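One-letter residues, chain by chain:
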Amino acid sequence: MAALDSLALFTGLGLSEHKARETLKNAALSTQLRDAATQAQQTLGSTIDKATGTLLYGLASRLRDTRRLSFLVSYIASKKIHTEPQLSAALEYVRSHPLDPIDTMDFEQECGVGVMVTPEQIEEAVEATINKHRAQILVERYRFNMGLLMGEARAALKWADGKMIKHEVDMQVLHLLGPKMEADLEKKPKVAKARVEETDQRAAKDVVENGENYKTPGYVITPHTMDLLRQHLEITGGQVRTRFPPEPNGILHIGHAKAINFNFGYAKANNGICFLRFDDTNPEKEEEKFFTAICDMVAWLGYTPYKVTYASDYFDQLYAWAVELIHRGQAYVCHQRGEELKGHNPLPSPWRDRPLEESLLLFEAMRKGKFSEGEATLRMKLVMEDGKMDPVAYRVKYTPHHRTGDKWCIYPTYDYTHCLCDSIEHITHSLCTKEFQARRSSYFWLCNALDVYCPVQWEYGRLNLHYAVVSKRKILQLVAAGAVRDWDDPRLFTLTALQRRGFPPEAINNFCARVGVTVAQTTMEPHLLEACVRDVLNDTAPRAMAVLESLRVVITNFPAAKPLEIQVPNFPADETKGFHQVPFAPIVFIERTDFKEEPEPGYKRLAWGQPVGLRHTGYVIELQHVIKDPSGCVESLEVTCRRADAGEKPKAFIHWVSQPLICEIRLYDRLFQHKNPEDPAEVPGGFLSDLNPASLQVVEAALVDCSVALAKPFDKFQFERLGYFSVDPDSRQGQLVFNRTVTLKEDPGKV
């Protein structure tokens, strides 16, 4: 009942029902929001308008010091704080003034309480901004980025209402340009549509030729472009250069296999080279084991980098370029906190237009460790495709770096580092997944802002699999919950897990080739990958025999005084690939399911009056006696044997072992029960609630023929009639452990 009351309370604040239910799952947030709403109702009554409700939600979700909740709610309920900028300032004030009592006069002055921005002030600020860009607006008309006008006007009027500014911008632009003409209405959609179609229809073979970057859609040509491209061609000789740039903060997964194949494969197909470059700009999350594992997986897939490089190789150059960017008026030091930059349409930085000399001194102070983490950042002056304004270039982090030690306490971001590292290495084709399309403008902008060679960024769709999660954060949750052992648990789709399970690298590469390279995201069924695995293992995994649930069989008329040596072909379809020997003795072991006292219609294996053949021996056995324990369970069988050619051909031939090895066999199945375990519509309880209880079955005393005795970790076999298996690294002398890689054919029972 309390949950229903809270749900009604939250929806009454303007939250959607879905958002309200999500909020209820967070106990701390829901408690704080409930307290805030209840207090506000004492002033406003039971009905709270949506604007106030939005502020209350923002307060509850962002306030860390709960002692200040009542104080801030009183300002919101009394409408003294009625805008998002005021709330952000208030949150920052209480964060930086933790001691009692709060100086209310100082608080109100710092948070704009009582400040009234008149329509006339908004009109003047917008008019000044439009006059600043008047010439460009007249040329580009309605194609001009109106967000820039909004941002600059809002920066000038810190406490103004954003909607009023937008309305004034729209009115003044209309007054300047007049109504949209037919060309304004037609041209913009056509350009956008043409670019989408051109990008979406491009395959890897269609990307521009090296040295013709300027032909790329969206590429910005400057007065220096052609000279820089000529210099680039002199350095590379026209050679194609790609790079694979992983972050060393986790293990690679199946999606990375596609990226590896595309980057290395495109370079190889064009007689080019591919760098393996570690994007090591976040020392907090980077570990040596991840560097090693990434190198190992690239090599395992069969690729050799032209050179292994690190973003940290270029830290000195990147810092020098950052200083140059400030000198050029294209970057500034900012003191907005991270939480202020999140969400839609964050306020422009009030430090955006600070003097160059001041930013230079502050950036040097950042480098010398004079700011705490989060207290200052270096930001670039641009607006990206997704509307994100002034992305961060450098931030303060007091974490030793695995390669540079304590030399740096500021580290560059991806938005700043990636394109410049590509430029330094003279990459010709910067191939990346579709989510980086929103960074394409910053990629081109930054290279051009510094007048350095600008590579071309090309986006393609990610590769995902159903019944899987590949997020590093979620895999860590699975490990912490004990659902999997580690990053290389064979039920995962990390590359180390697939290697451990026994997937051949050729099969993964073949799968990536079949998927192909498209702009659209591709989510594939696991059985398509497994089919590629079977194709490879069918030709490369020698046969052996194993019994998972054994039943002892005594041949009472065994035809020899001692065990026979049976020649078994490694590959029955191609006996030129050799044979191995297995012993055939009076006592053999068969699968318990290969015998039934009372068989159902259609059962073809061993039963009363129904003999079966033993594979590869040339003998047929026939049941004579069933031996049971006191509980009635079948303990063993007594049979007689005859030559297979000495009578009627049996209905079936079964596998068997004699004088076998005792091994552990791990049978793996899908880790999740639903196709999309991360989809709340399909799995409301979250992916951890969707675990398949039968994803791992361990057979601790399986019996395997002695032909595998010398097998080493990752050796692969087909156990006849059971599936393909790989030797696990847990194996030790005298105790082999096998992982089932895949069954012999797709399980028809799986959806």
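Residues numbered from 1 in each chain as written. Predicted model: local features only at pLDDT ≥ 70, side-chain atom pairs only at ≥ 80, totals over all residues. Heavy atoms only, no water.

Asker: In this structure, what is going on with the state of the cysteines? I would like to understand it.
Answerer: Two cysteines whose sulfur atoms are joined by a covalent bond form what is called a disulfide. A complete count under the given rule lists 0 disulfides for this structure. Free of any disulfide, Cys 432 has its nearest neighbouring cysteine sulfur in Cys 419, separated by 11 Å. The thiol sulfur of Cys 532 is not disulfide-bonded, and the nearest other cysteine sulfur, from Cys 512, lies at 9.0 Å. (Disulfide = S-S within 2.5 Å.)

Asker: I keep staring at the pattern of salt bridges and nothing clicks. Help me out?
Answerer: Should the charged atoms of two oppositely charged side chains come close, the side chains can pair. Overall, the coordinates contain 39 salt bridges when judged by the stated rule. A salt bridge links Glu 364 to Lys 368, with the shortest nitrogen-to-oxygen separation between them at 3.6 Å. Among the ionic contacts, a cluster of salt bridges with common partners joins Arg 485, Asp 488, Arg 500, Glu 664, Arg 666, Asp 728 and Asp 730. (Salt bridge = Lys/Arg side-chain N within 4 Å of Asp/Glu carboxyl O.)

Asker: Got a minute to help me understand the packing of helix H2 (residues 17-25) against helix H3 (residues 27-44) in this structure?
Answerer: The description of two helices packed together rests on the angle between their axes and the distance between the axes. Two numbers describe how H2 lies on H3: the axes approach to 5 Å, and their chain directions differ by 115°. Considered as vectors, H2 and H3 are oriented roughly perpendicular to each other. Contacts between H2 and H3 involve Thr 23, Leu 24 and Lys 25 from the first element and Ala 27, Leu 29, Ser 30, Leu 33 and Arg 34 from the second. (Axes fitted to C-alpha atoms, helices over the stretch in contact; angles between N-to-C directions. Helix = DSSP H or I, 4+ residues; strand = E, 2+ residues; numbered from the N terminus. Parallel < 35°, antiparallel > 145°, perpendicular 65-115°, else oblique. Contact = heavy atoms within 4.5 Å.)

Asker: Could you clarify how one ought to interpret the sheet that holds strand E26 (residues 737-742) in this entry?
Answerer: Strands pair in a sheet through their backbones, by hydrogen bonds, and they do so in one of two ways: parallel or antiparallel. Taken in spatial order, the 7 strands line up as E12-E24-E25-E26-E22-E23-E13 in an open sheet, and their pairing is mixed. Every interior strand has two partners, whereas the edge strands, strand E12 (543-544) and strand E13 (546-547), have only one. Here 4 bridges tie strand E24 (residues 716-719) to strand E25 (residues 723-727), and the two strands are oriented antiparallel to one another. Note on E25: the bridge partner recorded for Lys 716 is Ser 726. Against the sheet, helix H23 (residues 526-540) engages E12, E24, E25 and E26, with an angle of about 120° to E26. (Pairing = 2+ DSSP bridges.)

Asker: Would you explain the packing of aromatic side chains in this entry?
Answerer: The description of two aromatic rings rests on the distance between their centres and on the angle between their planes. Within the structure shown, the criterion is met by 27 aromatic pairs. Arranged with centres 6.0 Å apart and planes meeting at 65°, the rings of Phe 315 and Tyr 411 form a pair that is edge-to-face. Separated by 96 residues along the polypeptide, Phe 315 in helix H16 (residues 315-327) and Tyr 411 in strand E7 (residues 410-412) bring together distant segments of the chain. Tyr 411 carries the same exposure label as Phe 315, and that label is buried. Summarising the aromatic geometry, the rings of Tyr 319 and Phe 363 are spaced 5.0 Å apart at their centres and angled 20° between planes, so their arrangement reads as stacked. Of this pair, Tyr 319 sits in helix H16 while Phe 363 sits in helix H17 (residues 356-367), and the two are 44 residues apart along the sequence. (Phe/Tyr/Trp six-rings, centres within 6.5 Å; stacked < 30°, edge-to-face > 60°. Buried < 20%, exposed > 50% of the residue type's maximum accessible area, 1.4 Å probe, protein only.)

Asker: What should I look at first to understand the UniProt feature "domain: tRNA synthetases class I (E and Q) anti-codon binding" (unreviewed entry) in the protein in this one?
Answerer: Under the present numbering, the feature "domain: tRNA synthetases class I (E and Q) anti-codon binding" (unreviewed entry) in UniProt falls on residues 653-728. Structurally, residues 653-728 is divided into 0% helix and 37% strand, and its ends, taken at the C-alpha atoms, are 30 Å apart. (UniProt positions renumbered as here; feature names shortened; annotations may be inferred.)

Asker: What is the right way to read helix H19 (residues 440-449) from this model?
Answerer: For an α-helix, the turn length of 3.6 residues means that residues three or four places apart are oriented alike. Burial analysis of H19 places 8 of its 10 residues in the buried class, the great majority of the element. Every buried residue belonging to H19 is among Arg 440, Ser 442, Tyr 443, Phe 444, Leu 446, Cys 447, Asn 448 and Ala 449, and all of these are buried. Just downstream of H19 lies Asp 451, where phi reads positive at about 55°.

Asker: I would appreciate a short explanation of the pairing of E24 in the present structure.
Answerer: The two faces of a sheet get side chains in turn, since along a regular strand they alternate between them. With 2 bridges joining them, E12 and E24 adopt parallel strand pairing. Its bridge partner lying in E24, Arg 543 is registered against Gln 718. Adjacent in sequence and paired antiparallel, E24 and E25 are bridged by 3 residues, among which Arg 721 carries a positive phi angle near 70°.

Asker: What is the right way to read the sheet that holds strand E3 (residues 307-310) from this model?
Answerer: Strand order in the open sheet formed by 3 strands is E1-E2-E3, and the pairing between neighbours is parallel. Where the open sheet ends on each side, the last strands, each with one partner, are strand E1 (241-244) and E3. When strand polarity is set aside, the average angle formed by the axes of neighbouring strands in this sheet is 35°. Direction of pairing for strand E2 (residues 273-278) relative to E3: parallel, over a ladder of 4 bridges. Note that in E3 the partner of Leu 276 across the bridge is Val 308. Along the sheet, helix H15 (residues 288-300) makes contact with E1, E2 and E3, crossing E2 at roughly 160°.

Asker: Please clarify how the side chain of Thr 428 should be interpreted in this entry.
Answerer: If you trace the backbone, Thr 428 turns up in the loop between helix H18 (414-424) and strand E8 (429-433). Among the residues examined, Thr 428 registers a relative accessible area of 1% and is labelled buried. Side-chain polar atoms of Thr 428 contact the side chain of His 429, separated by 2.7 Å. Setting aside residues no more than four positions away along its own chain, Thr 428 makes contact with Asn 210, His 232, Gln 239, Val 240, Arg 241, Tyr 453 and Val 456. (Polar contact = N/O pair within 3.5 Å; in protein donor to acceptor, adjacent residues only side chain to side chain.)

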